[in-house]
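The primary structure of each chain is shown beneath.
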Amino acid sequence: MSRRQPEIYLDHNATTRTLPAAAAAAHSAMESLFGNPSSSHTAGLRARNTLETGRNLCRRLLGADSGRIVFTSGATEAIQTAVFSALCELKSRRAAGPPPAGKRFLLYGATEHKAVPEALRHWNGLLGIDDEVVAIPVDREGQLDFAFLAEHAASADMVCTMAVNNETGVIHQLDRVEDTIRDRNPEVLWMVDYVQGLGKLDLKMGETTIDYAPCSGHKLYAPKGIGFLYLRDGAPLTPLLAGGGQESGARSGTENLPGIAALSAVTGSLLDPDDGTFRDGATMRGYRDRLAASLADAFPGLHFNAPSERAIPTTLNFSAEGLQSKELLDLFDAAEVRVSSGSACGSAVQGSYVLEAMGLEQWRCDSSIRVSFGPATTGDEIETACERIAAMGRALSKCCLGPEVADGGAAAADEIRDGLVQFKYGSDCSWVVVSNSSRNCIIVDPFEAIIARICNLVRCQRLNVLAVLDTHLHVDHESPRAALVEALRPFLAEGADPDDVLGFPAAPDGEATLGDGSRAPYLKIDDSLAVASTPLPGHTTVSQAYLVGELSDGTGGATLKPERVRYAFTGDNLLIGGIGRTDFPSSDVGALYESLQRLPRIVADTTPLCPTHDYHNGFCTTVGAEREHNALLRRTIDPVAPLSPDDFVAEKAVVDGGITDDTNPELVCGLIDAGAGERCEIDLPPGEAAAFFAEHRDAVVIDVREPHEHDFVRDWSAIGLGGPPDNIPLTRITGYVAKCLLDDRGRQTAEREFILLCRSGRRSGLAAQMMRRIGFKRSWNFAGGLALGDGDPGRGRGRELEEEYTI
């Protein structure tokens, strides 16, 4: 097995590697210049010289012959200091004079780093200023709305803009901002976030009327923990930290001399034209163009989200239609190329607020990726990145997500995988049942945001669509079933576009007897598999369940026994952790009672139920799992003394009354108890993974990443595996557990040990909890994931921020 590829780091806007010369300078300061700059002895004087040399270099880099440089722990502290100082000055002015007439504003650009508006709101409230904190709108290119700024500038008490946007790289027109605000409000205090502009823009700060400019070291090859604030002469300053009076009283606390020495090494190199450490603008523009071309070739439907002529050359922000930012991040990470979905300080892999402010389409906001390099990036790194980007495109194509899908390209027949595919967008779930032997498929519960993914799968593999089905009529939206049928018309089987409101063909292949004795029409998916349709009303009155399983011959014809139902699509009647709500006009609580009592008679306790909505990344559930965790369901389907219909109606009304539609981000279809879940992490110290896996050779090890991630070369021996583990992606995990549960040796399978892993431990953790919930009690998550599991220092439990995972 090949060794792990070297990392290519293209997330410089989040942070940078420390320049070797900067690290050496910091080490020297710690070892040789350890004196306190405030001390008067020789060691202190040497330290003071280092401090002031660094201050002068920062001033030169900014082009500021005058003004003040105050060293801070970073840009966030510098922003806080600037805002706090400005608003303290405002408070003093108001105390000394009459109250202001009319509304007063604290203005900030709508695409500012969140540190800025949060600081404004915080100090505005804490100091009792009570101005209105207002975002200056931007256009589709990220430029400020100067008409809005002109209209509000005269009533502004502070204006905060930025030099370069951290997500898109857009350069703001500071000269025009200056003209607009100074013509209307010469005395207003103006802060410019200069974090992404430092060392990249040729700005003469001393020739502007910018009052405050926060800067950060770690965005420009210095270590974390060092930054500074530029203040124009006369700009008010109130210390955020009081104490020993360091920084001439501006910021108490002994200065971070190693950080300042490191920052000085960087600024010195930037100021020296003969240094050779950093690339010039033309070279960086060439890097950008090379990367942009590679990205456009690799990803279908790619859109760049900022015009290159209005942005710094070191930042590219793009969206790829049909691909979410989370899956793109996982793909880049699998290829050992580090990129991000936006600001590292606020990213939980959510939609970009910057792109939303620019008015871009929601899919672009949800799928944006930022690629950022720096002036120290080498041509070899860019070329390697481009090679890996091309490999990513090929990996997506192999998985029916590549550019040729739009042209109807077909995957090789042996790459068509039997089974169940789940696509998720937020809480919405769409399902596709695929047969390799027949190339037939059925599609259940399509959602608009998932249509492109479904179409890609069908077109690429040239599947024959037997039916496009809805389990029920939705309360909050029209089904896109008709649109999907039209998009897939060349691939529809005869009868796949019926008049039936939920889509089941009018001419089925036959009728089968279900476990409760009822008869249900069915379609044959292949020689061994069929899908039967049976009414299951309640959450809505128009509602069907679709049972996919293996028919057998009975005395009265075909039968579909509960234990042979492979999986069931039951809509929103029984959810993962809850029962579907019945307080809609289209609901029928009495019918739901009957449907819930009927369900255990037509499916087995262990049959995976595939919901229309999954609110907490549970993927699927079973009647047995829900009975164990849901007291109302347990009492309703008790075979000996079930809850009466009247009692069910009364208790269900109480349950539905607990749903708070006004505080939920979406219309939920039931009150869900997410549950804490069992702890299922395997938490190993660095270097012990190999020994662990050697002791657990009989365990089934599963990589739940998508195939386009799994296929990238990795040294599996680093965690003690002799080769790649089984690849069962989250899109197919429900089908996998269904096969295990249906297998003749299902009882033995349920007793086996499963170890699940992924990049970070997040996805495998979700899969392990699901498997435990439905009966695989010896399922474990490899906490920390592959990112930390190969002996890297600092390994621990990989607990990412809670996020909605889209598959």
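What you are looking at is a predicted structure, and each value in this text was computed from that prediction instead of being measured.

**Considerations on the overall build of the protein chain**
Part 1 of the argument: Within the protein chain, the secondary structure is distributed over 24 helices and 31 strands.
Part 2 of the argument: Against the compact-globule benchmark of 28 Å for 807 residues, the protein chain has a radius of gyration of 31 Å, which places it among compact chains.
Part 3 of the argument: Within the protein chain, residue pairs in contact and separated by at least 24 positions form 70% of the contacts whose partners lie at least 6 positions apart.
Part 4 of the argument: Of the roughly 31600 Å² that the protein chain leaves accessible, carbon and sulfur atoms contribute 50%.
Part 5 of the argument: A distance of 4 Å separates the average location of the 77 positive side-chain charges in the protein chain from that of its 112 negative side-chain charges.

**Brief notes about the confidence of the model for the protein chain**
Part 1 of the argument: Of the residues in the protein chain, 92% reach a pLDDT of 70 or more, and the chain-wide mean stands at 90.
Part 2 of the argument: Residue range residues 404-414 is modelled with pLDDT below 50. Its contacts to residues more than four positions away, or to other chains, number 18 contacts.
Part 3 of the argument: A low-confidence stretch, residues 791-807 (pLDDT under 50), is modelled with 63 contacts involving residues beyond four sequence positions or located in other chains.

**Topic: a nonpolar patch on the surface**
Part 1 of the argument: Taken together, the side chains of Leu 473, Val 501 and Val 542 present a nonpolar region at the surface, about 210 Å² in accessible area.
Part 2 of the argument: Here Leu 473 shows up in the loop between β16 (464-469) and α14 (481-487).

**A few points about the pattern of salt bridges**
Between side chains of opposite charge, a pair can form as their charged atoms come close.
Part 1 of the argument: Scanning the entire structure with this criterion turns up 45 salt bridges.
Part 2 of the argument: We note a salt bridge from Arg 55 to Glu 52, for which the minimum N-O separation is 2.9 Å. Note that Arg 55 and Glu 52 are positioned in helix α2 (residues 42-62) at a spacing of three residues, about one turn of the helix.
Part 3 of the argument: One salt bridge connects Asp 202 with Lys 204, and the closest N-O pair in it is separated by 3.2 Å.
Part 4 of the argument: Residue Asp 202 is classed as exposed on the basis of its relative accessible area, which comes to 72%.
Part 5 of the argument: What emerges from the salt-bridge pattern is a single network uniting Glu 7, Arg 17, Lys 326, Asp 330, Asp 333, Glu 336, Arg 338, Glu 381, Glu 709, Arg 759 and Arg 763.

**Some words on the nonpolar core**
Part 1 of the argument: Core analysis: the largest hydrophobic core is formed by 58 residues, its most contacted members being Leu 62, Tyr 194, Met 205 and Phe 228.
Part 2 of the argument: For this core, the element with the most residues is helix α7 (residues 257-271), which contributes six residues.
Part 3 of the argument: Ignoring anything within four residues of it in the chain, the contact list for Phe 228 reads Cys 58, Leu 62, Ile 69, Val 70, Phe 71, Thr 72, Ala 78, Leu 198, Ala 213, Pro 214, Cys 215 and Leu 263.
Part 4 of the argument: Counting 35 residues, the second largest nonpolar core, distinct from the first, contains Leu 10, Val 339, Ile 382 and Leu 396.

**Overview of the sheet that holds strand β29 (residues 726-727)**
Two pairing modes exist for strands in a sheet, parallel and antiparallel, and in both the strands are linked by backbone hydrogen bonds.
Part 1 of the argument: The parallel open sheet is built from five strands, whose spatial order is β27-β31-β30-β28-β29. At either end of the open sheet lies a strand with only one pairing partner, and these are β27 (681-682) and β29.
Part 2 of the argument: Packed onto the sheet, helix α23 (residues 762-773) meets β30 (754-757) and β31 (779-782) and runs at close to 170° relative to β31.

**A closer look at helix α9 (residues 325-334)**
It helps to recall that an α-helix has 3.6 residues per turn; residues three or four apart then point in one direction.
Part 1 of the argument: The element α9 is largely enclosed, with a buried count of ten among its ten residues.
Part 2 of the argument: Those residues of α9 that fall on the buried side of the exposure criterion are Ser 325, Lys 326, Glu 327, Leu 328, Leu 329, Asp 330, Leu 331, Phe 332, Asp 333 and Ala 334.
Part 3 of the argument: Phi for Glu 336, located one or two positions after α9, is positive at around 60°.

**What about the packing of helix α15 (residues 589-602) against helix α18 (residues 645-657)?**
Part 1 of the argument: Close contact between α15 and α18 brings their axes to 10 Å; oriented N to C, the two are set at 115°. Between α15 and α18, the angle is such that the two are roughly perpendicular. Here α15 and α18 pass one another in a crossing that is right-handed. Only Pro 645, Phe 648, Val 649 and Lys 652 of α18 make contact with α15, whose side of the interface consists of Val 589, Leu 592, Tyr 593 and Leu 596.
Part 2 of the argument: Here the contact of α15 with α18 is composed, by residue class, of seven nonpolar, no polar and one charged.

**Points about the state of the cysteines**
The term disulfide refers to a covalent linkage connecting the sulfur atoms of a pair of cysteines.
Part 1 of the argument: Tallying each qualifying case throughout the model produces one disulfide.
Part 2 of the argument: Disulfide pairing places Cys 400 opposite Cys 460 at an S-S distance of 2.4 Å. On the sign convention where negative is left-handed, the bridge of Cys 400 and Cys 460, at about -70° about the S-S bond, is left-handed. Highlighted residues: Cys 400 in the loop between α12 (379-398) and β13 (419-425) and Cys 460 in helix α13 (residues 451-461), separated in sequence by 60 residues.
Part 3 of the argument: Free cysteine: Cys 58, not disulfide-bonded; nearest cysteine sulfur from Cys 215 at 7.7 Å.
Part 4 of the argument: The class of Cys 58 is buried, set by a relative accessible area of 1%.

Cut-offs used in this document
- Residues numbered from 1 in each chain as written.
- Predicted model: local features only at pLDDT ≥ 70, side-chain atom pairs only at ≥ 80, totals over all residues.
- Heavy atoms only, no water.
- Helix = DSSP H or I, 4+ residues; strand = E, 2+ residues; numbered from the N terminus.
- Rg over C-alpha atoms; globule rule 2.2 N^0.38 Å.
- Contact = heavy atoms within 4.5 Å.
- Areas by Shrake-Rupley, 256 points an atom, 1.4 Å probe, with all protein chains shown as cover.
- Lys, Arg positive; Asp, Glu negative; His and termini not counted.
- Charge placed at Lys NZ, Arg CZ, Asp CG, Glu CD.
- pLDDT = per-residue confidence, 0-100.
- Patch = residues over 30% accessible without salt bridge, like charges linked within 9 Å, V, L, I, M, F, W, Y side chains within 5 Å.
- Salt bridge = Lys/Arg side-chain N within 4 Å of Asp/Glu carboxyl O.
- Buried < 20%, exposed > 50% of the residue type's maximum accessible area, 1.4 Å probe, protein only.
- Core = buried A, V, L, I, M, F, W, Y, C linked by side-chain atoms within 4.5 Å.
- Pairing = 2+ DSSP bridges.
- Axes fitted to C-alpha atoms, helices over the stretch in contact; angles between N-to-C directions.
- Parallel < 35°, antiparallel > 145°, perpendicular 65-115°, else oblique.
- Left-handed = near helix turned anticlockwise from the far one by under 90°.
- Nonpolar A, V, L, I, M, F, W, Y, C, P; charged D, E, K, R; others polar.
- Disulfide = S-S within 2.5 Å.

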